[in-house]
Amino acid sequence: MTERQTLQQTAAGRRLLPGSVIGVLGGGQLGRMMALDGVKMGYSFVTLDPTPNAPLGQIAEQITAGYDDVEAARKLAEKADVITYEFENVDAGVAKLLEEQSYVPQGSKLLYTTQHRLREKAAIEAAGVPVAPYREINSLEDLLSAADELGLPCVLKTATGGYDGKGQAVLRSEEQLQPAYEALAAGGAELVLEKFVKFACEISVIAARTPSGSVKSFPPAENVHVNNILHLSIVPARVPSDIQLRARQLAERVAEGLNAAGLLAVEMFVTEEGELYVNELAPRPHNSGHYTMEACATSQFEQHVRAICDLPLGDTTLLSPVVMVNVLGQHLEAAVQRFGEHDELAESLGVVPKLHLYGKSEAKANRKMGHINLLCGDVRDALEWVEKTNIWRQD
């Protein structure tokens, strides 16, 4: 422990009070928003990221090096009192090294589990939470047999990597099986086949757990994707209250079952019959939790800081209905221009738009450059604002 650290020992871990330094593996927008909330609480931040002047590096000290750079990881450990990560594709070996040389309450085990879809599904099932039927695929013969067993359509995914629709293929006919297998298995990638769940909607719940075992969840967000990229998160989710409650209970059960520390985003499918199936996990702040920044008593970013530092978790009460809409590269100019003008549409609908930009250097198509939280009396008004602005029409 460093001399600058303000620390209390607890029964299950270390309570790091404001004044401590938080190290972040990854310097992207999630780390940036985490730091913006954490600095207000009195914490300092240092990040390790290979991109010079990364979004988090613009407001905190940055070590510019690869995630597999052991010496850079040691330097991060020397500077920080606690280390977290802002995306799960961090090298698990480096996370393990940091766990040995520093304090990483999330641990390398959770990272190791959530980096691999087969391990992740097994862990979810071990927590007593349902996932869609799936099969491990090691050969084309495995795929043919599993597709016959699970039925078409189904979804073939790489076991590691992949995001925003990458590393997966929806298979609707037998003719698609071999080409999809050859494309995704190239380079020896492990694969998993999932039964296609006919769902009414997708929701996600952000749960937080402290090292000493306190757990709280945020209200579920209903997620709408366009081209496999999250477009909207709608809160309250347009599902019955009993399903919302059950979703929060399942997310908290997964967080407890995995002994998570910090945030755990739990994505779920809701079927027409009201069944819930967990789809994926993310052990960090999540795009679908951005709505909490203005709409909840505590944001997901403040909650993550509280959780990894073993502070009492914040109130997760929803203060206002809200719709979060992502601003991708192709939307950026129009979104920024709109915020420079008087917004009569927002006034007429009773919608309050809140713009968040991430400080990325280049606006590329389909790259997340920011988001807008639309506070409202009714989510239908916020959705009408999104539609009538025409900013997202090209999607």
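Residue positions are counted from 1 within each chain, in the order its sequence is given. Where totals are concerned, whole chains, interfaces and linings use all residues; where local detail is concerned, this predicted model gives features only for residues with pLDDT of at least 70, and gives and counts side-chain atom pairs only at 80 or more. Side-chain descriptors were evaluated using all non-hydrogen atoms of the structure, hydrogens and water having been removed beforehand.

Enquirer: Looking at this model, I keep getting lost on the sheet that holds strand 4 (residues 44–49). Mind explaining?
Expert: Think of a sheet as strands paired side by side through backbone hydrogen bonds, with each pair either parallel or antiparallel. Ordered in space as 5-4-3-6, the four strands form an open sheet in which the pairing is parallel. Single-partner strands in this sheet number two, and they are strand 5 (61–64) and strand 6 (82–85). Taking each pair of neighbouring strands and ignoring which way they run, the sheet shows an average axis angle of 25 degrees. Here strand 3 (residues 21–25) pairs with strand 6 via four bridges, running parallel. Following the sheet pairing, Val24 is matched in strand 6 by Thr84. Contacts from helix 1 (residues 29–40) reach strand 3, strand 4 and strand 6, with the element oriented near 165 degrees to strand 4. DSSP-based pairing: two strands are paired if at least 2 bridges between them are found. The helix count covers DSSP runs of H or I at least four residues long, the strand count covers runs of E at least two residues long, and both are numbered beginning at the N terminus. Lines are fitted to the C-alpha atoms to define the axes, a helix being fitted only along its stretch in contact, and any angle between axes, read from their N-to-C directions, falls within 0 to 180 degrees. Whether two residues are in contact is decided by their heavy atoms, any of which lying within 4.5 Å being enough.

Enquirer: Explanation requested: the nonpolar core in the structure shown.
Expert: Leu76, Leu98, Ile203, Met268, Leu276, Val278 and Leu281 are the most contacted members of the largest nonpolar core, which totals 52 residues. Looking at which element gives the most residues to this core, the answer is helix 8 (residues 241–257), with six residues. Contacts of Leu281, omitting those with residues within four sequence positions, involve Glu88, Thr114, Glu120, Ile124, Val254, Leu258, Leu264, Ala265 and Val266. By nonpolar core is meant a set of buried Ala, Val, Leu, Ile, Met, Phe, Trp, Tyr and Cys residues that side-chain atoms within 4.5 Å join together. A 1.4 Å probe rolled over the protein chains alone gives each residue an accessible area, and that area as a share of the maximum for its type sets the label: buried under 20%, exposed over 50%, partly exposed in between. In terms of nonpolar packing, the next biggest core, distinct from the first, is built from 21 residues, Val323, Val327, Cys376 and Ala382 among them.

Enquirer: I keep staring at the pattern of salt bridges and nothing clicks. Help me out?
Expert: If the charged atoms of two oppositely charged side chains come close together, the side chains can form a pair. Salt-bridge detection follows one rule: a side-chain nitrogen of Lys or Arg within 4 Å of a carboxyl oxygen of Asp or Glu. One pass over the full model with this rule turns up 15 salt bridges. The residue Arg74 makes a salt bridge to Glu71 at a minimum N-O spacing of 2.7 Å. Of this pair, Arg74 and Glu71 both sit in helix 2 (residues 70–79), three residues apart, roughly one helical turn. Assessed through its relative accessible area of 30%, Arg74 is described here as partly exposed. Given a relative accessible area of 52%, Glu71 falls into the exposed group. As a salt-bridge pair, Lys388 and Glu384 come within 2.6 Å of each other at their nearest N and O atoms. Within this pair, Lys388 and its partner Glu384 are both found in helix 13 (residues 379–389), separated by four residues, close to a single helical turn. On the basis of relative accessibility, which here comes to 29%, the residue Glu384 falls in the partly exposed class.

Enquirer: So what exactly am I meant to see when it comes to the packing of aromatic side chains here?
Expert: The description of an aromatic ring pair uses the distance of the two centres, along with the angle that the planes make with each other. Ring pairs are drawn from Phe, Tyr and Trp, using the six-membered ring of Trp, whenever the two centres fall within 6.5 Å, and their geometry is named by plane angle: stacked under 30 degrees, edge-to-face over 60, tilted for the rest. Taken as a whole and judged by the stated rule, the model has three aromatic pairs. Above the face of the Tyr134 ring, Lys121 is positioned so that its terminal group lies 5.5 Å from the ring centre. To sit over a ring, a charge needs its Lys NZ or Arg CZ within 6 Å of the ring centre and within 35 degrees of the ring normal. The ring centre of Phe196 lies 5.8 Å from the NZ or CZ of Arg172, which sits over that ring.

Enquirer: What's the story with the confidence of the model for the protein chain in this structure? I'm lost.
Expert: Predicted coordinates in regions of low pLDDT should not be interpreted in detail. Per-residue confidence from the prediction method is given by pLDDT, with values spanning 0 to 100. Averaged over the protein chain, the pLDDT score is 93; the fraction of residues at 70 or greater is 95%. Predicted confidence is poor over residues 1–5, with pLDDT under 50, and the contacts of this stretch with residues over four places away or in other chains come to 13 contacts.

Enquirer: Where do I start with the packing of helix 4 (residues 107–114) against helix 5 (residues 117–126) in this structure?
Expert: The axes of two packed helices give the description: the angle between them and the distance between them. Between helix 4 and helix 5, the least distance of the axes is 6 Å, while the angle of their chain directions is 110 degrees. Considered as vectors, helix 4 and helix 5 are oriented roughly perpendicular to each other. In contact with Tyr112, Thr113 and Thr114 of helix 4, helix 5 contributes Arg119, Glu120 and Ala123. Residues of the contact of helix 4 with helix 5, tallied by class, amount to two nonpolar, two polar and two charged. These descriptions rest on fixed angle ranges, namely under 35 degrees for roughly parallel, over 145 for roughly antiparallel, 65 to 115 for roughly perpendicular, and the rest for oblique. As a working rule, the residues Ala, Val, Leu, Ile, Met, Phe, Trp, Tyr, Cys and Pro are called nonpolar, Asp, Glu, Lys and Arg charged, and the rest polar, with Gly in that last group.

Enquirer: Before we go on, may I ask you to explain the packing of helix 1 against helix 10 (residues 300–308) in this structure?
Expert: The contact between helix 1 and helix 10 brings their axes to 8 Å, and the two run at 75 degrees. By the angle between their directions, the pair helix 1 and helix 10 is classed as roughly perpendicular. Note on element contacts: helix 10 touches helix 1 through Phe301, Glu302, His304 and Val305, opposite Leu30, Met33, Met34, Asp37 and Gly38. Considering only residue class, the contact of helix 1 with helix 10 consists of five nonpolar, two polar and two charged.

Enquirer: Would you explain the state of the cysteines in this entry?
Expert: One covalent bond between the sulfur atoms of two cysteine residues makes up a disulfide. Working definition: a disulfide is two cysteine sulfur atoms within 2.5 Å of each other. Applying the stated rule across the entire model yields zero disulfides. You can see Cys201 has no disulfide; the closest cysteine sulfur is in Cys376, sitting 17 Å from it. Among the residues examined, Cys201 registers a relative accessible area of 11% and is labelled buried. In this structure Cys376 comes out as buried when scored by relative accessible area, which is 6%.

Enquirer: What's the story with helix 1 in this structure? I'm lost.
Expert: Every α-helix carries 3.6 residues per turn, so stepping three or four residues along brings you back to the same face. Helices are assigned an expected span. That span is 1.5 Å times one less than the residue count. In this model helix 1 runs 17 Å from its N-terminal to its C-terminal C-alpha over twelve residues, within 8% of the 16 Å that 1.5 Å per residue would give. Within helix 1, nine of the twelve residues are buried, which leaves it mostly tucked inside the rest of the structure. What helix 1 keeps buried is the set Gln29, Leu30, Gly31, Arg32, Met33, Met34, Ala35, Asp37 and Gly38. One or two residues past the end of helix 1 sits Gly42, with phi positive at roughly 105 degrees.

Enquirer: Honestly, the pairing of strand 11 (residues 199–209) in this entry has me stumped. Any pointers?
Expert: Side chains on a regular strand alternate between the two faces of the sheet. In terms of burial, strand 11 is a largely internal element, nine of the eleven residues being buried. Two elements, strand 11 and strand 15 (residues 262–271), share ten bridges in a ladder whose sense is antiparallel. The partner of Val205 across the bridge, within strand 15, is Val266. Where strand 11 and strand 13 (residues 221–226) come together, three bridges link them in antiparallel fashion. Within strand 13, the position partnered with Ser204 by the bridge is Ala221. Inspection of the sheet shows strand 11 paired to strand 12 (residues 215–217) by three bridges, in the antiparallel sense.

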